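Letter by letter, the chains look like this.
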Amino acid sequence: MRPVSHVSGIHFLQIPGPTNVPERVLRAIDRATIDHRGPEFQRLSLEIACLLHPVFGARGPIVIYPSSGSGAWEAALVNTLSPGDRVLMAETGQFATLWSRIATRLGLDLDMIPGDWRHGADPDAIGERLAADTAHAIKAVAIVHNETSTAVTSRVAEVRAAIDRAGHPALLMVDTISSLGSIEYRHDDWGVDVTVAGSQKGLMLPPGLAFNAISEKALAASRTARLPRSYWAWDDMLESTRTGWFPYTPATNMLYGLREALHMLDEEGLANVYARHARHGEATRRAVQGWGLELVALDPREYSNSLTAISVPEGFDADALRATILERFNMSLGTGLGKLKGRVFRIGHLGSFNDLMLAGTLCGVQMGLDIAGIPHGDGVTPALAQLTNPAPALALSR
Ligand SMILES: *Cc1c(COP(=O)(O)O)cnc(C)c1O
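Thresholds, definitions, all that
- Residues numbered from 1 in each chain as written.
- Predicted model: local features only at pLDDT ≥ 70, side-chain atom pairs only at ≥ 80, totals over all residues.
- Heavy atoms only, no water.
- Helix = DSSP H or I, 4+ residues; strand = E, 2+ residues; numbered from the N terminus.
- Rg over C-alpha atoms; globule rule 2.2 N^0.38 Å.
- Buried < 20%, exposed > 50% of the residue type's maximum accessible area, 1.4 Å probe, protein only.
- Areas by Shrake-Rupley, 256 points an atom, 1.4 Å probe, with all protein chains shown as cover.
- Lys, Arg positive; Asp, Glu negative; His and termini not counted.
- Charge placed at Lys NZ, Arg CZ, Asp CG, Glu CD.
- Pairing = 2+ DSSP bridges.
- Axes fitted to C-alpha atoms, helices over the stretch in contact; angles between N-to-C directions.
- Phe/Tyr/Trp six-rings, centres within 6.5 Å; stacked < 30°, edge-to-face > 60°.
- Lys NZ or Arg CZ within 6 Å of the ring centre and 35° of its normal.
- UniProt positions renumbered as here; feature names shortened; annotations may be inferred.
- Contact = heavy atoms within 4.5 Å.
- Polar contact = N/O pair within 3.5 Å; in protein donor to acceptor, adjacent residues only side chain to side chain.
- Parallel < 35°, antiparallel > 145°, perpendicular 65-115°, else oblique.
- Left-handed = near helix turned anticlockwise from the far one by under 90°.
- Nonpolar A, V, L, I, M, F, W, Y, C, P; charged D, E, K, R; others polar.
- Core = buried A, V, L, I, M, F, W, Y, C linked by side-chain atoms within 4.5 Å.

Section: the overall build of the chain
Counting its regular elements, the chain contains 13 helices and 14 strands. Relative to the globule expectation of 21 Å for 398 residues, the C-alpha radius of gyration of the chain, 21 Å, shows essentially globular dimensions. Along the longest, intermediate and shortest principal axes, the C-alpha atoms of the chain span 60 × 55 × 45 Å. In the chain, which comprises 398 residues, the share counted as buried stands at 56%. With the model as given, the accessible surface of the chain reaches about 16200 Å², and the carbon-plus-sulfur share is 55%. Computing the positive centroid from 36 side-chain charges and the negative centroid from 42, the chain places the two 2 Å apart.

Description of the sheet that holds strand E12 (residues 307-311)
Reading across the sheet, the 3 strands line up as E11-E12-E14 and stay open at both edges, with antiparallel pairing between neighbours. Of all the strands in the sheet, the pair left with one neighbour each is strand E11 (294-295) and strand E14 (344-348). Across 2 bridges, E11 lies against E12 in antiparallel orientation. In the strand pairing of E12, Leu-295 is matched with Ile-310.

Looking at the sheet that holds strand E4 (residues 109-113)
The 7 strands are arranged E2-E10-E9-E8-E5-E3-E4 in an open sheet whose pairing can be described as mixed. Lying at the two open borders of the sheet, with one neighbouring strand each, are strand E2 (62-65) and E4. Within the sheet, the average angular offset between the axes of one strand and its neighbour, ignoring direction, is 20°. Across 4 bridges, strand E3 (residues 86-90) lies against strand E5 (residues 138-144) in parallel orientation. Across the sheet, Leu-88 pairs through a bridge with Val-141, a residue of E5.

Brief notes about the packing of aromatic side chains
Two measures describe an aromatic ring pair: the distance that separates the ring centres and the angle between the ring planes. If you walk through the whole model with that rule in mind, you get 7 aromatic pairs. Measuring from ring centre to ring centre gives 5.4 Å for Tyr-185 and Trp-190, while their planes differ by 85°; the resulting arrangement is edge-to-face. The exposure class of Tyr-185 is buried, given its relative accessible area of 3%. Taken together, Tyr-65, Tyr-231, Trp-232 and Tyr-248 form an aromatic cluster joined through their ring pairs. Arg-31 extends its terminal NZ or CZ atom over the ring of Tyr-256, reaching a point 4.2 Å from the ring centre. A cation sits over an aromatic face here: Lys-201 above Phe-95, 5.4 Å from the ring centre.

Focus on the UniProt feature "binding site: substrate" (unreviewed entry) in the chain
Mapped onto the present numbering, the UniProt feature "binding site: substrate" (unreviewed entry) falls on Arg-346. The residue Arg-346 is located in strand E14 in this model. A relative accessible area of 6% means that Arg-346 is categorised as buried. Beyond its immediate stretch of four places on either side in the chain, Arg-346 contacts Gln-14, Pro-16, Thr-148, Ser-149, Leu-307, Thr-308, Ala-309, Leu-333, Gly-334, Thr-335 and Leu-337.

A few points about the UniProt feature "modified residue: N6-(pyridoxal phosphate)lysine" (unreviewed entry) in the chain
Under the local residue numbering, the UniProt record ascribes the feature "modified residue: N6-(pyridoxal phosphate)lysine" (unreviewed entry) to Lys-201. Along the chain, Lys-201 turns up in the loop between strand E9 (194-198) and strand E10 (210-214). If we ignore the near neighbours within four places in the chain, the residues touching Lys-201 are Pro-16, Gly-17, Thr-19, Ile-177, Ser-178, Leu-350 and Gly-351.

Details of the side chain of Ser-149
In this fold, Ser-149 is placed in the loop between strand E6 (146-147) and strand E7 (152-153). A relative accessible area of 0% means that Ser-149 is categorised as buried. A polar atom in the side chain of Ser-149 sits 2.9 Å from the backbone nitrogen of Gln-94. Within the structure, the side chain of Ser-149 is placed 2.7 Å from the side chain of Glu-147, a separation counted as a polar contact. Contact partners of Ser-149, with chain neighbours within four places excluded, come to Gly-93, Gln-94, Phe-95, Trp-117, Ala-309, Leu-337, Leu-340 and Arg-346.

Some thoughts on the packing of helix H3 (residues 69-80) against helix H4 (residues 94-105)
As a packed pair, H3 and H4 sit with axes 10 Å apart at the nearest point and diverge in direction by 50°. By the angle class used here, H3 and H4 are oblique. Regarding H3 and H4, the two cross each other, and that crossing is right-handed. Residues Ser-70, Trp-73, Glu-74 and Leu-77 of H3 touch H4, and the partners they reach there are Phe-95, Leu-98, Trp-99, Ile-102 and Ala-103. Residues of the contact of H3 with H4, tallied by class, amount to 7 nonpolar, 1 polar and 1 charged.

Quick word on the nonpolar core
Within the largest apolar cluster, 87 residues are counted, with the highest numbers of intra-cluster contacts made by Ile-126, Met-173, Phe-211 and Leu-258. The element best represented in this core is helix H9 (residues 252-268), accounting for 8 residues. Core analysis: the next-biggest nonpolar cluster, separate from the first, contains 25 residues, Phe-12, Trp-291, Leu-293 and Ile-374 among them.

Below, the structure written as structure tokens:
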């Protein structure tokens, strides 16, 4: 028999990013590249600058790099800090760990609050560290809003309040790569100094763009910061937010896609976008409860609405389950990252997504559990009951 080289129907890309790219965005990207020094590009660029502000909840400048999200991590640090500066981080999971590794490689002095990979950044622990730092050696607090390895959402507003209670001048930096455009986020209201974001998750784009939203305080810090920087330097990029022209060749076609995605978020309305993700998060957690499996997240205040991380029972391999589901049902689920490898699988329910896509996703997982012989109850029925329920989900605001 000839080997099969085509699988019929759509692939369910239910990893927590990159996410499903909607047709409208694909069609927008599929256009001839234009002169990035010409007037048409300038109009595109300035329109995007306007459309980005509400999504970040930021009135100040937002720079766009042609890079993965990790580039925006590095940009946040090199633009604001100097060699040997102390940075306070919280070990919430794999992404917090990776960000801390960049800080260490850049020659910063890392103070990492240890964590169990089941909780978010602890506002009280951060407040205590800052209160004890009377000499103000800590120059920045850097946390991950939505820790994608554990499906835990940190309470950024409470972290801000803890910094204020301690009366500490440290900058606050937040990674929103898997929350922006899916979980409510407010750069200005929460007093965030640098927000780090990427294109390939809530923004419904392919990978390839990364963002820094910058506060006045962070801008001021960048004028005296001494870490070497060139490609990531904000000053050249800031020009682009005023004139529309970039210091180097921008990812023009990705920007066509970004404009379309931002129009889509605006047409749906951000409040509705957040409510949709909250419903899907709640329905997925009801499925997990029905299956009798365990969430990685322990604190209901920190449940993520953009993805769910689920432990498999002792003696089973989460990656074998994922492989079975891919092979039989053409669906990709997120693998366990770092120390959760093999013990956890993750369901992404963010970006361009609706009730029937979630229903299909949960059915695929339940059938996979059957085939893998993992003991479980019925999670699909309680999840569908939640989706049928017209009442809006609770706890929109964090
Ligand atoms: C995906 C992700 C990243 C990494 O982004 P890259 O584009 O792979 O560099 C960082 N932080 C969080 C929270 C993420 O979800």
